[in-house]
Amino acid sequence: MSSYSKELNLENLYDQLMYNRILLAAGDTFRAAVSDQLEIWAERTGCEIVSAEKEKAKASAVLSQAIKKGKE
């Protein structure tokens, strides 16, 4: 999936769920650019984001944190 289509998908998701709480999870821990792009979209849309706290973190750890945060 290209960056452009990812941006369109995130923008559409935001438009559809504008009245709900949205939490983004940067589960792709191998490509730093993905986390950077999600952080930009989180800022633009006012969403919360969960990303790796340390370099080379496991994707499962990030997604586990996101699930815990989503349940709060």
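One can find the structure itself at the top, above this paragraph.
Here is a short report on the structure shown in this document. (Residues numbered from 1 in each chain as written. Predicted model: local features only at pLDDT ≥ 70, side-chain atom pairs only at ≥ 80, totals over all residues. Heavy atoms only, no water.)

## Looking at helix α2 (residues 32-45)
- End to end, α2 covers 20 Å across 14 residues, agreeing with the expected 20 Å (1.5 Å per residue, within 8%).
- When we look at burial in α2, the residues that qualify are Val34, Ser35, Leu38, Trp41, Ala42 and Thr45. With its buried residues spanning 125° around the axis, α2 presents them on a single face. Seen from the buried face of α2, the exposed residues on the opposite side, beyond 90 degrees, are Ala32, Glu43 and Arg44.
- Of the residues trailing α2, glycine 46 is marked for its positive phi of about 75°. (Helix = DSSP H or I, 4+ residues; strand = E, 2+ residues; numbered from the N terminus. Expected span 1.5 Å × (residues − 1). Buried < 20%, exposed > 50% of the residue type's maximum accessible area, 1.4 Å probe, protein only. Arc of directions from axis to C-beta.)

## Quick word on empty space enclosed by the protein
- Tallying each qualifying case throughout the model produces 1 cavity of 30 Å³ or more.
- Looking at the largest cavity, its volume works out to about 60 Å³.
- Lining the largest cavity, in full, are Leu10, Leu13, Tyr14, Ile22, Leu24, Trp41, Thr45 and Cys47.
- Listing elements by their share of the lining of the largest cavity, those giving two or more residues are α1 (3-16) and α2.
- The leading source of residues in the lining of the largest cavity is α1, at 3 residues.
- In terms of residue class, the lining of the largest cavity is made up of 7 nonpolar, 1 polar and no charged. (1 Å grid on protein atoms, 1.4 Å probe; cavity = no way out; pocket = protein on both sides within 12 Å on 5 of 7 lines; lining within 4 Å. Points joined across faces, edges and corners; volume = space filled by probe spheres on them. Nonpolar A, V, L, I, M, F, W, Y, C, P; charged D, E, K, R; others polar.)

## Here we look at the pattern of salt bridges
- Scanning the entire structure with this criterion turns up 1 salt bridge.
- Among the ionic pairs, lysine 69 bridges to glutamate 48, the shortest N-O distance being 3.4 Å. With lysine 69 in helix α3 (residues 59-71) and glutamate 48 in strand β2 (residues 48-50), this pair connects stretches of sequence that are 21 residues apart.
- The class for glutamate 48 is partly exposed, based on a relative accessible area of 29%. (Salt bridge = Lys/Arg side-chain N within 4 Å of Asp/Glu carboxyl O.)

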